[in-house]
Protein chains: 2
Amino acid sequence: MTAAQPAAPRPRGRPRSTRAQEVIRDAATRLFAERGFSRTSVRDIAAAAGVDPTIVIRHFGSKDALFLQTMSVDEGFRGLTEGPLEDLGRNLLRRLVAHADPAQAEVFAALIGALDRPEVRNYVEQSTERHIVQPLIERLTGADAELRARLVTAQILGLLVAVWALRRPDLTSTPLDDVLDIYARAVQTLIDGTAGNDDRSPERGST
Amino acid sequence: MTAAQPAAPRPRGRPRSTRAQEVIRDAATRLFAERGFSRTSVRDIAAAAGVDPTIVIRHFGSKDALFLQTMSVDEGFRGLTEGPLEDLGRNLLRRLVAHADPAQAEVFAALIGALDRPEVRNYVEQSTERHIVQPLIERLTGADAELRARLVTAQILGLLVAVWALRRPDLTSTPLDDVLDIYARAVQTLIDGTAGNDDRSPERGST
DNA sequence: GTCTATACACCGATAGAC
DNA sequence: GTCTATCGGTGTATAGAC
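Residues numbered from 1 in each chain as written. Chains lettered and ligands numbered in written order. Predicted model: local features only at pLDDT ≥ 70, side-chain atom pairs only at ≥ 80, totals over all residues. Heavy atoms only, no water.

Asker: Quick question: what am I supposed to make of helix α11 (residues 176–192) of chain B here?
Answerer: Each α-helix turn comprises 3.6 residues. Residues three or four places apart therefore point the same way. Taking 1.5 Å per residue as the helical rise, α11(B) with its 17 residues ought to reach 24 Å, and the 23 Å between its terminal C-alpha atoms agrees with that figure. Residue B:Ala184 marks the point of greatest curvature in α11(B), where the axis turns by about 25°. Among the structural elements, α9 (145–165) and α11 (176–192) of chain A together with α6 (88–98), α9 (145–165) and α10 (169–172) of chain B are those in contact with the buried residues of α11(B). B:Gly193 occupies a position one or two residues after α11(B) and carries a positive phi of about 65°. (Helix = DSSP H or I, 4+ residues; strand = E, 2+ residues; numbered from the N terminus. Expected span 1.5 Å × (residues − 1). Bend = angle between axes of the 7 residues up to and from the residue. Contact = heavy atoms within 4.5 Å.)

Have a look at this one:
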């Protein structure tokens, strides 16, 4: 039709994404998840994808950018705080630990492992903030709701780091249901906020 | 033993201890804690110490070995689980978060940041195991003592990661006492193990 | 324009001369 | 022991080929 439009041989499909980009992304996802950031070189990814190392940079800007673009945990974090508040502790752990697919676990471990990269730290920070902390703040009631939401996130983060990143053997070998039941109670303590702030006078107040 | 000789160029007492080693260690400690592992090069450390880069490797074997030798968290973890069991949750957090000196916090953050190095992960794993998990196992009573000890460690780890490694702004800006009081209760839940294991029922009688 | 190859500065680490 | 020279390897920019 219009002559101004440059020759686009593919009217449908994905005009701006090359097939090479997809192959590179697949290889990067696999290798980063397998070996982590520091032990995966751009040349390794390029070799696995069957392309030249420089076009990896040409398409994705940098190794860090490719890492962040492939190692995304947003999908696994979405809709995490939904469901009844009284069972939220258990459901959080169920979705994040028990029902999580191994691929997401590897992605999380890779992100934690590369945490001294400022951009990675920034992403993990804002991803947990957006998908866990903020939704929790809106759901929690009682005193110190925001602080409690952040502390619940810290609890979750600790279990995820211990299980997926540190690969604590005696924690992963235990049947996960037992771990969930016990840990969920501690998480639920902060969700409920039942503990008074002056003394040991717990009031079961689900306001 | 020997009288203090300020201008002693060659202390003959220790022929194999070089002063360069000490200078390198100081520079490495400062730079690793400041910028983390990946952003600190051996050449940077050598320049800061005023020595040749090859001496750094010659004396410490490798960059990883130097990192592990300087970024040690054993000192800050020692004797952590002492004190009355009923206040252990609060005391753990006090010693690790409130009373911890900033230097130890930076060291911890550097270790977490380099967690995808197998040797670093191994060290963090066995250090928390030796200084927190094992002493806790021997002190806890009741069912699932070992599992609870590991979960308490996960809770602690989560708070440390959130505060020191992730540098959550809204968590560090809050007065630490409030954080400790609230989080300590959740930790104490696992220490006491008061929660029944059959059904979920909000606790009203805490011991 | 998309892709490819040459090239560079830096990295950690080694061998060998003083 | 300390330095010079150098190795293979890294991430990345750039100039050229289709």
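Asker: Got a minute to help me understand the packing of helix α7 (residues 102–113) of chain A against α9(A) in this structure?
Answerer: Two measures define how a pair of helices packs: the angle their axes make with one another and the distance between the axes. Residue and element names in this part refer to chain A. One way to put it is that α7 packs onto α9 with a least axis distance of 9 Å and a crossing angle of 100°. One finds that α7 runs roughly perpendicular with respect to α9. Facing Ala-105, Phe-108, Ala-109 and Ile-112 of α7, the residues of α9 in contact are Leu-157, Leu-160, Val-161, Trp-164 and Ala-165. (Axes fitted to C-alpha atoms, helices over the stretch in contact; angles between N-to-C directions. Parallel < 35°, antiparallel > 145°, perpendicular 65-115°, else oblique.)

Asker: What exactly am I supposed to notice about the nonpolar core here?
Answerer: A general trend in soluble globular proteins is that nonpolar side chains are found buried together. Counting 130 residues, the largest nonpolar core has A:Leu159 and B:Leu159 as the members making the most contacts within it. Not counting residues within four places of it along the chain, the set of residues in contact with B:Leu159 comprises A:Leu151, A:Ala154, B:Leu93, B:Val97, B:Leu171, B:Val179 and B:Tyr183. (Core = buried A, V, L, I, M, F, W, Y, C linked by side-chain atoms within 4.5 Å. Buried < 20%, exposed > 50% of the residue type's maximum accessible area, 1.4 Å probe, protein only.)

Asker: Looking at this structure, I do not really get the protein's contact with DNA strand C. What am I missing?
Answerer: Residues in contact with DNA strand C amount to 13 residues; listed here are only the nearest, A:Thr18, A:Ile55, B:Val42, B:Arg43 and B:Lys63. Backbone atoms, meaning sugar and phosphate, form 52% of the atoms of DNA strand C found within 4 Å of the protein. Mapped onto the surface near DNA strand C, the elements with two or more residues apiece are α3 (53–60) of chain A together with α2 (42–49) and α3 (53–60) of chain B. Of all the elements, α3(A) adds the most residues to the surface near DNA strand C, at 3 residues. Across the surface near DNA strand C, the residue classes break down as 3 nonpolar, 7 polar and 3 charged. (Near = heavy atom within 4 Å. Nonpolar A, V, L, I, M, F, W, Y, C, P; charged D, E, K, R; others polar.)

Remember, this is a structural readout, not a statement about activity or role.
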